[in-house]
Each structure stands twice: as C-alpha cells, then as structure tokens.
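# What the coordinates show
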Amino acid sequence: MTRIELGAALTAAREVARDVLAKQAATADAEGRWPEEGMAALRSRLGGLVVPERFGGMGHGLLAVAQIGEITGQVCASTSICFGMHLVGSAVIAAKADRSGQYDRLAAIAAGRHLTTLALSEPGTGAEFWLPQTRMERADGDRLRLSGTKSFVTNGGHADSYVMSAAAAGPGAVPGRFSCVVVDAGTPGLSWGPPWHGLGMRGNASRGALLEDAEIPRADLLGEEGDEIWYVFNVVAPYFLTAMAGTYLGVAEAALREARTHLLRRRHAHSGRSLAAQPLVQHRLGKMWAVVERTRRLIYHAAAEGETGGPDALPALCSAKAEVAEAAEAVVNDALTLVGGAGYSDGSALHRHLRDARAAHVMSPITDVLRVWVGRALLDEPLLEG
C-alpha cells in the first residue's frame, strides 16, 4: 500500500461508506453479523493508514483516525469500531517494532492482507483494563506461554492477530510486571466463547477469548517485558479514544442529518405548513448543530495535540471521548423527538443510532473515569492512584 495524502484517504473512506457500508449497516445490526464486506473494503484501501511508511503504510496519525471514524460512523457504527480497533492494534504493533516478525506483520497490514485488533479487557478487572490477570510464563525454546481470559474482543474470531496484555508469572517473575504481546489467530490453545448479543453495536463481533497454555514465540513480545503501561498510555489510549470519538461523532452527525432531512420534507396535511417553519423546531435543530460542531472541534484539537505531544493532549483526548458520548446520546434523543413516531419505529436509522450511541458510555475507559483522569491531570495528581 503506497502512501496517499489525508484528503485522498478521506475520499476513499467516503466511497467505501457509500458503496459498501450503507448497504450492510441495517443487516449487520438486525442479524448481529460481523460486517465482512465493509471490513474487507476498508482493509484493502485503508488498512495501512497508521502503519509507518518504512513498512509500506500511509504513515498517518490520530487526526486521520478521527476523521475516518467520523465518516464510517455516520453509516455503520459497528463497522467503524471494528476498523478503529484494527487501527489501534496496528499502531501498537508499530510503536516499538524491532523484530522481523513484527516487520512482516506490519507489511501485511499495509498491503491490506492482515486484520489485527485489541484484546486487553478481562472479566475480572472491569474498566481497569491495564491490570491484566492473564498469566505469561517462559516456556521451552524461547517461547512464552499464556493462560487467561479476555472479554469483549472486537473482531473476535475474525482478525488475523490479537494485541493482548499479560502479567508475568512463574518462577522468578516480578509481581505486577505487565507486558503486551501479539497472538496470531489459529494459535493452539486460543479459543473463542459464544457470540455476544448487545443492545447496540451488534455487528462488532465482541466476544470472549480463552487462552489455555497458548504458546507464542518470544519475538511476538511487543517492546520489552514490563512495557504494557507505556503502551497503554502512549499508544493504546490516544488511538483508542480517538477511534471511539470519531465513530460516535459520526453517529451524532448522522442523527442530526436525519432530523434535518425529516423537517425539510415534512408538511402538515391540514395546513400545508412545513415543520421547518416552526421556531421551536428551528431552535432545537440549531442547538443540536452547535453540540455536534463544538464536539467535533474538541476531537480534532485533541487529535492534533496528541500527535504533537502538546500540553493539552491528555485532558483533551480523555474529554473528547467523554464529551462525544454525551453529545451523541443527546443529539440522537433530540432527533427522535423532532422526527417523532417515524424515527421511533423498529428498524429506523435513529433506532439503531440510539442503541449504538449508548455504548459510548459503557466502553472503557468509561465516561466517569475519563472525567476523573482529566481532573487529576489538571491538578497534577497521579492518574492511576485512587
């Protein structure tokens, strides 16, 4: 995959959204089906978006992730999150790539042949996904052995590799030493739980993974042992928060457009007067537009600060995800009020947007945690101390 400028990447995303995602979004939601066609199209055209150019990728960063997430999120939030997690996983693999196996994986991602994703969450740690209980021990022949359970793995069972976290275990292990590894699909000892059926985001194939003495080459350790916290706060958090923020910004924008389109075409049969002519409707739609636009400005500012390492990077990135969660929920609710029964009916786009938007608060780091982190950052308090 050769480098293309951001404008061309956004054009490609719009084309995929229009030609592929729009046709499968309702079915993916109704059937809880992983969006295979959309993911294949995005992977082939934009799979190497954040892979560095030296590995054949496009070399883009957080702003591209946010803008492409917004484009895809407007049409299918499930696909947008699935692709966003691929981008996060790609960024993690690339961050300290120093081994031939990682080079090969990144080249395959850049060529559109490899899909990766995150698998950090665990049932026992809840929102504190940076404290893995999965055990990592040294095995024979310069190999590592993994045992544990991962939960809510987006693209679970469909990706070619999974970026996972684990805690050192075994003789001589340092307690609380957490690391990141890549586990390829098909690794013996890796198995999948049943499909997850949620209120919204029904196409993201979020499911649990079980590791039972799964062995991987030590070369699939990312960075050095004990680097997990560095990855979480320097790579995972910025890219994850940005991917999520872009997606839910897209949901809010889609709801705003649904409401506007309805108001422009709807007339009362008895008077012939357009709904768009009513001052109360005009006021409410104007407020919705402002909510979406100010949230967009925050997300783009956060992405720019994150890319340059600006002083506002941490509070801006955390606030971007927290703000968009509230904005998407509020805007979809207001759109439903304006559209009325047509929007509230089962199978409507707003019906799906409402269920998808609610997931923004649930996906870790949850909104309340992000608000606390922002406060701690502003007060120079340690982020992870309670």
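Residues numbered from 1 in each chain as written. Predicted model: local features only at pLDDT ≥ 70, side-chain atom pairs only at ≥ 80, totals over all residues. Heavy atoms only, no water.

Under an unreviewed UniProt entry, the chain has the name Alkylation response protein AidB-like acyl-CoA dehydrogenase and belongs to Streptosporangium sandarakinum. UniProt lists a comment for the chain under the heading Cofactor (unreviewed entry), and it reads "FAD". The Sequence similarities (unreviewed entry) comment attached to the chain in UniProt states, word for word, "Belongs to the acyl-CoA dehydrogenase family." (UniProt positions renumbered as here; feature names shortened; annotations may be inferred.)

## Here we look at the packing of aromatic side chains
In the structure shown here, the tally under the stated rule is eight aromatic pairs. Consider the rings of Phe-152 and Trp-196, whose centres lie 6.0 Å apart with planes at 90 degrees: the pair is edge-to-face. Of the two residues, Phe-152 is situated in strand S3 (residues 143–153) and Trp-196 in the loop between strand S6 (190–192) and strand S7 (207–217); the sequence distance between them amounts to 44 residues. On the accessibility criterion, Phe-152 (53% relative accessible area) is exposed. Between Trp-230 and Tyr-231, the ring centres sit 5.2 Å apart and the planes meet at 85 degrees, which makes this aromatic pair edge-to-face. By relative accessible area, which is 34% here, Trp-230 ends up partly exposed. Among the aromatic residues, those joined into a ring-pair cluster are Phe-129, Trp-130, Phe-233 and Trp-373. Note that Lys-96 overlies the ring of Trp-230, its terminal NZ or CZ placed 4.2 Å from the centroid. The ring of Tyr-231 carries Lys-96 above its face, with NZ or CZ at 5.8 Å from the centroid. (Phe/Tyr/Trp six-rings, centres within 6.5 Å; stacked < 30°, edge-to-face > 60°. Helix = DSSP H or I, 4+ residues; strand = E, 2+ residues; numbered from the N terminus. Buried < 20%, exposed > 50% of the residue type's maximum accessible area, 1.4 Å probe, protein only. Lys NZ or Arg CZ within 6 Å of the ring centre and 35° of its normal.)

## A short note on the environment of Thr-11
Turning to its location among the elements, Thr-11 is positioned in helix H1 (residues 6–31). With relative accessibility at 36%, the residue Thr-11 sits in the partly exposed group. C-alpha separation for the pair Thr-11 and Ile-71, spaced 60 residues apart in sequence, amounts to 9.6 Å.

## Considerations on the nonpolar core
In globular proteins that are soluble, nonpolar side chains generally tend to be buried together. Residues Leu-46, Leu-49, Val-92, Leu-118, Val-181 and Tyr-248 are the most contacted members of the largest nonpolar core, which totals 120 residues. No other element matches helix H6 (residues 228–265), which puts 19 residues into this core. Sequence-distant contacts of Leu-49, that is, excluding residues within four places in its chain, are made with Ala-9, Met-58, Gly-59, His-60, Ala-64, Val-65, Ile-68 and Leu-87. (Core = buried A, V, L, I, M, F, W, Y, C linked by side-chain atoms within 4.5 Å. Contact = heavy atoms within 4.5 Å.)

## Examining the layout of surface pockets
Counted as a void, the largest pocket has a volume near 650 Å³. Lining of the largest pocket is provided by 32 residues; of these, Ser-121, Phe-152, Val-362, Met-363 and Ser-364 occupy positions nearest its centre. Among the secondary structure elements, those contributing two or more residues to the lining of the largest pocket are helix H4 (77–95), strand S1 (116–119), S3, H6 and helix H10 (349–362). Looking at which element gives the most residues to the lining of the largest pocket, the answer is H10, with four residues. Partitioning the lining of the largest pocket into residue classes produces 20 nonpolar, nine polar and three charged. Of the residues that make up the lining of the largest pocket, three or more belong to each of domain 2 (119–225) and domain 3 (228–379). As a volume, the second largest pocket reaches approximately 360 Å³. As for the second largest pocket, its lining consists of 18 residues, and the residues nearest its centre are Glu-70, Ile-71, Gln-74, Val-75 and Arg-257. When residues of the lining of the second largest pocket are assigned to their parent elements, the largest contribution, six residues, is made by H1. (1 Å grid on protein atoms, 1.4 Å probe; cavity = no way out; pocket = protein on both sides within 12 Å on 5 of 7 lines; lining within 4 Å. Points joined across faces, edges and corners; volume = space filled by probe spheres on them. Nonpolar A, V, L, I, M, F, W, Y, C, P; charged D, E, K, R; others polar. Domains from an automatic or database assignment.)

## Some words on the pairing of S3
Summarising the sheet, strand S2 (residues 135–139) and S3 pair through five bridges and their orientation is antiparallel. In the strand pairing of S3, Ala-139 is matched with Arg-143. Note: S3 against S7, eight bridges, orientation antiparallel. Residue pairing across strands places Thr-149 opposite Leu-210, the latter belonging to S7. (Pairing = 2+ DSSP bridges.)

## Details of the UniProt feature "domain: Acyl-CoA oxidase/dehydrogenase middle" (unreviewed entry) in the chain
Per the UniProt record, "domain: Acyl-CoA oxidase/dehydrogenase middle" (unreviewed entry) is annotated on residues 118–208. Annotated as residues 118–208, this span is 0% helix and 42% strand, and its ends, taken at the C-alpha atoms, are 12 Å apart.

## Here's the deal with the pairing of strand S5 (residues 178–184)
The element S5 is largely enclosed, with a buried count of six among its seven residues. Examined bridge by bridge, strand S4 (residues 161–168) and S5 share seven bridges and lie antiparallel to one another. Paired with Ser-165 across the two strands is Cys-180, which belongs to S5. Pairing analysis gives two bridges linking S5 to strand S8 (residues 221–222), with the strands arranged antiparallel. The residue of S8 that forms the bridge with Val-181 is Leu-221.

## A few points about the domain arrangement of the chain
You can read the domains of the chain as domain 1 (6–115), domain 2 (119–225) and domain 3 (228–379). The C-alpha centroid of domain 3 is placed 21 Å from the C-alpha centroid of domain 1. Counting from both sides, the interface comprises 27 residues of domain 1 and, opposite them, 29 residues of domain 3. In total, about 2,400 Å² of surface goes out of reach between domain 1 and domain 3, with carbon and sulfur atoms giving 69% of it. Ranking the residues of domain 1 by area buried against domain 3 places Leu-62, Glu-70 and Gln-74 at the top, with a combined share of 28%. The tally of links from domain 1 across to domain 3 stands at two salt bridges. A salt bridge links Arg-296 to Glu-70; its shortest N-O distance comes to 2.7 Å. If you look at where domain 1 meets domain 3, you find nine residue pairs in polar contact (both at pLDDT 80 or more). Of all elements in the fold, only H1, helix H3 (62–75) and H4 reach the threshold of two or more residues within the side of domain 1 that touches domain 3. (Buried area = accessible area lost by both parts, 1.4 Å probe. Salt bridge = Lys/Arg side-chain N within 4 Å of Asp/Glu carboxyl O. Polar contact = N/O pair within 3.5 Å; in protein donor to acceptor, adjacent residues only side chain to side chain.)

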